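Coordinate inspection notes
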Amino acid sequence: MYSIKVEKLCKSYRKEEKGQGRFGSLRFFFRRKYREIHALRDVSFSIERGEMVGIIGPNGAGKTTLLKILSGVLYPDSGSVSVLGYIPTRREKEFLRSITYFTGQRGFLSLTIWDLPPVDGYELIRHIYGIPESEYRRRLKYLVELLDVEDLIRTPLRKLSLGERTKVELVAALLHFPDLVLLDEPTIGLDIVSQKRLWEFFRLYNEERRATLLITSHYTRDIEELGKRVLILHRGRLLFDGDKKGLAKGLPDRKLVKVVFRSSPPPSLRGWRIEGDTALKQVKKSRLSDELRLISLDDSIIDITIEDPPFEDVIREIFTRGEVNDEVFDGSEKRDQT
Amino acid sequence: MTKYLTAAKNEIKLNFRYRFNLLAFSTGLLFPLLGYVFLWKTAYSGGGRVGEYSLNGLFTYYFWALFLDYTLPVFAYGDMAWNIKSGGLTLFLVRPFSFLFYYVSIIAGGTLVWATVNLAVLVPFGMVFARYFIFPGLTDFLVGFLFTAIGYFLALLLGFVINLLAFYLGDPSGFRGLYGWGMMLLGGSIIPLDLLGFPLDRLPFRFLYFIPAKAFMGEIRGDILGLLFEDVLWASISLFLVLLLWKRGLRKYEAYGG
């Protein structure tokens, strides 16, 4: 049974464009210029009940727009959307009772009870969804234990750290036990330990409640954490829809190493791209420790960071490598789904 | 319904969260009133007169106008427009919870607290200056209360109209300022309208300050029912505008942010 069915979905919007500097601002004051942005182009896919699906793509890929259309907040320009058997934009009560939309950037509690403790917000949520008192207590206990926030729910929200706030906001988002959970960059800004804990929580919630979970992320590394199935969006097009194992074959086996020197990088560095006082190199994972050993001998290094390669490179790689070509489609014509 | 009552209760708790602010704002109410007392006392001491008003009449008018000014939801709740502009509205739209009713609830919750505290500050003040104050009779009080109640909804709805412009303008704060300050003049908060020298009978704003204050003073004679009808008519037109702007605005909503 389909939880979500999307066919040839398109959404575009106008974005204001302002020139740089004072003259740009002055010109913008008298004459507005707009640019048409195609946030989603001919996107089609379907998701079955109980699936946990990751949506990844760089910033501006259309991930958030897609979730907002699925939750009924935005109206599509064309195409059809069915979520749990409802047309989202009609925003019927039963539909709204069955879904949740959670973003790591801000939460319902922050908007409504900033100076009060989360329990006051949970009480409001209880009444919004008409959850009976005893059932509410049971659910609250379940979620509070799972997310380990017992000590936080009686502290004013504004006094909590970002990570703590994300967790208490998640309790608020899930108190009504939704069948469909739309999570928009839920781990943004969190430290690695908190991220891991949340991923574990999402998996557990998905298994225990048989809920459908859609999670967006713009980190390629999150592919490891996301469900079996992954959708890749890029510039509004659905580039990939399938098992993440298939995708992993197409991912670059490299890391981007950034080394910052006290002054300028030594001229002896070969094969590194130099940008001011920083040297950058994409290094194969198997060669990472050798490369770091070599470079760490230099005592003018003040910082080393190891990151995933830029998303654009990943997308390019997916296309240039042959392994995943049978699963890639350009959005207008869908191929086999795993 | 209980969800909106809970929202109102939370707003009451939020207002009591910073007790000093509550006390400080309400005490601040006394300063303009004291200023008016001294200004009009000076004006009348030389045998002067302002329009048809006696010194007591003017004091009483400003007493009620200031009370209404601090109680009616006029300037407040710019965060409604901010939520539309910044995308906070999204978190309401994904719940079976009306954004508009949410604001009605929290504004009502806030009003309950502020009206009570303002009265607690104003009543002792009025007693100290009792010799200047024209006490309303029971009928005048009831009629004044009725006009205040309808005026309250009118102010609420007009405020919503301005805030909902955020769907179309992005940031309506300029309009809100223009409306707020303009309404204080056109509504009779700064100067009683019958002293302005030009008629403002065709605008809804007089139902916010002038008419309720005059009703409390027992100075509305004649067609009270006609005025009530006009008041309700303006509130209905405002409600229609709110619903229209909301319905059309949702289609234009761009849901920025997260």
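Quick notes on the rules
- Residues numbered from 1 in each chain as written.
- Chains lettered and ligands numbered in written order.
- Predicted model: local features only at pLDDT ≥ 70, side-chain atom pairs only at ≥ 80, totals over all residues.
- Heavy atoms only, no water.
- Helix = DSSP H or I, 4+ residues; strand = E, 2+ residues; numbered from the N terminus.
- Rg over C-alpha atoms; globule rule 2.2 N^0.38 Å.
- Contact = heavy atoms within 4.5 Å.
- Areas by Shrake-Rupley, 256 points an atom, 1.4 Å probe, with all protein chains shown as cover.
- Lys, Arg positive; Asp, Glu negative; His and termini not counted.
- Charge placed at Lys NZ, Arg CZ, Asp CG, Glu CD.
- Pairing = 2+ DSSP bridges.
- Axes fitted to C-alpha atoms, helices over the stretch in contact; angles between N-to-C directions.
- Buried < 20%, exposed > 50% of the residue type's maximum accessible area, 1.4 Å probe, protein only.
- UniProt positions renumbered as here; feature names shortened; annotations may be inferred.
- Domains from an automatic or database assignment.
- Phe/Tyr/Trp six-rings, centres within 6.5 Å; stacked < 30°, edge-to-face > 60°.
- Lys NZ or Arg CZ within 6 Å of the ring centre and 35° of its normal.
- Core = buried A, V, L, I, M, F, W, Y, C linked by side-chain atoms within 4.5 Å.
- Buried area = accessible area lost by both parts, 1.4 Å probe.
- Salt bridge = Lys/Arg side-chain N within 4 Å of Asp/Glu carboxyl O.
- Polar contact = N/O pair within 3.5 Å; in protein donor to acceptor, adjacent residues only side chain to side chain.

1. A closer look at the overall build of chain B
In terms of regular secondary structure, chain B is built from 12 helices and zero strands. The helix and strand sequence of chain B, counted from the amino end, reads α-α-α-α-α-α-α-α-α-α-α-α. For chain B, the C-alpha radius of gyration of 20 Å lies close to 18 Å, the compact-globule estimate for 258 residues. Projecting the C-alpha coordinates of chain B onto the three principal axes gives extents of approximately 65 × 40 × 30 Å. Considering only residue pairs separated by 6 or more positions, chain B has 80% of its internal contacts joining residues 24 or more positions apart. Counting only carbon and sulfur atoms, one obtains 72% of the accessible surface of chain B, whose full area is about 12,200 Å². Side chains of chain B give 19 positive and 13 negative charges; the mean places of these two sets differ by 10 Å.

2. Re the sheet that holds strand S6 (residues 180-184) of chain A
Either a parallel or an antiparallel arrangement is found when strands of a sheet pair, and the pairing is made through backbone hydrogen bonds. Residues and elements named next belong to chain A. The mixed open sheet is built from six strands, whose spatial order is S5-S6-S7-S3-S8-S9. Strand pairing shows two members of the sheet lacking a second neighbour, strand S5 (99-103) and strand S9 (237-243), which therefore form its edges. Geometrically, the sheet is characterised by an average inter-axis angle of 15° between neighbouring strands, direction not taken into account. Of the strands in this sheet, S5 and S6 touch helix H7 (residues 162-174), which is tilted by about 165° from S5.

3. Observations regarding the environment of Val43(A)
All names here are of chain A. Here valine 43 is to be found in strand S2 (residues 33-48). Relative accessible area serves as the criterion here: at 1%, valine 43 is assigned to the buried category. With 60 residues separating them along the chain, valine 43 and threonine 103 place their C-alpha atoms 22 Å apart. Discounting chain neighbours no more than four positions away, the residues touching valine 43 are Val6, Glu7, Lys8, Leu9, Leu233, Gly236 and Leu238.

4. Some points on the UniProt feature "transmembrane region" (unreviewed entry) in chain B
Under the feature "transmembrane region" (unreviewed entry), the UniProt entry names residues 20-39, 59-78, 141-166, 178-200 and 224-246 of chain B. Along residues 141-166 of chain B one finds 96% helix and 0% strand; the C-alpha atoms at either end are 38 Å apart.

5. Description of the domain arrangement of chain A
Along its sequence, chain A is carved into domain 1 (2-250) and domain 2 (254-308). On a C-alpha basis, the centres of domain 1 of chain A and domain 2 of chain A stand 36 Å from each other.

6. Some words on the packing of aromatic side chains
Following the criterion strictly, the structure yields 40 aromatic pairs over all chains and no others. Here Tyr61(B) and Tyr62(B) contribute two aromatic rings whose centre-to-centre distance is 5.7 Å and whose plane-to-plane angle is 90°, an arrangement assigned as edge-to-face. The residues Tyr61(B) and Tyr62(B) share a single accessibility class, namely buried. The structure contains a cluster of three or more aromatic residues connected by ring pairs, namely Phe108(A), Tyr4(B), Phe92(B), Phe97(B), Phe99(B), Phe101(B), Tyr102(B), Tyr103(B), Phe167(B), Tyr168(B), Trp246(B) and Tyr253(B). We note Arg126(A) situated over the ring of Tyr136(A); from NZ or CZ to the ring centre the distance is 5.6 Å. Over the face of the ring belonging to Phe108(A) we find Arg95(B), whose NZ or CZ atom lies 4.2 Å from the ring centre.

7. What to know about the sheet that holds strand S10 (residues 254-261) of chain A
Residue and element names in this part refer to chain A. Taken in spatial order, the four strands make up an open sheet running S11-S12-S10-S13, and their pairing is antiparallel. Edge positions in the sheet fall to strand S11 (273-275) and strand S13 (301-307), since each of these pairs with one other strand and no more. Mean inter-strand twist for the sheet, computed between neighbouring axes without regard to direction, equals 25°. For S10 and S13, the ladder comprises six bridges, and the chain directions are antiparallel.

8. Details of the nonpolar core
Leu70(A), Tyr122(A), Phe202(A) and Leu89(B) are the most contacted members of the largest nonpolar core, which has 163 residues in total. Sort the elements by how many residues they give to this core and helix H8 (residues 138-164) of chain B lands first, with 13 residues. When sequence neighbours within four positions are dropped, the list of residues in contact with Leu70(A) reads Ile4(A), Val6(A), Val81(A), Val83(A), Pro88(A), Phe95(A), Leu182(A) and Leu214(A). Core analysis: the next-biggest nonpolar cluster, separate from the first, contains 10 residues, Leu269(A), Trp272(A), Ile295(A) and Ile301(A) among them.

9. So, the interface of chain B and chain A
Much of the literature gives interface size as the accessible area that the parts lose upon coming together. Facing 30 residues of chain B, the contacting portion of chain A comprises 36 residues. Note on chain B versus chain A: buried area summed over both sides is about 3,100 Å², and carbon and sulfur give 60% of it. If you look at where chain B meets chain A, you find one salt bridge. Inspection of the region where chain B meets chain A yields seven residue pairs in polar contact (both at pLDDT 80 or more).

10. Section: unusual backbone geometry
Residues and elements named next belong to chain A. Notably, arginine 91 is not glycine yet its phi reads approximately 50°, a positive angle. Residue arginine 91 is classed as partly exposed on the basis of its relative accessible area, which comes to 22%. Positive phi values are uncommon outside glycine, yet aspartate 148 reaches one of about 55°. When you line up the elements, aspartate 148 lands in the loop between helix H6 (133-147) and H7.

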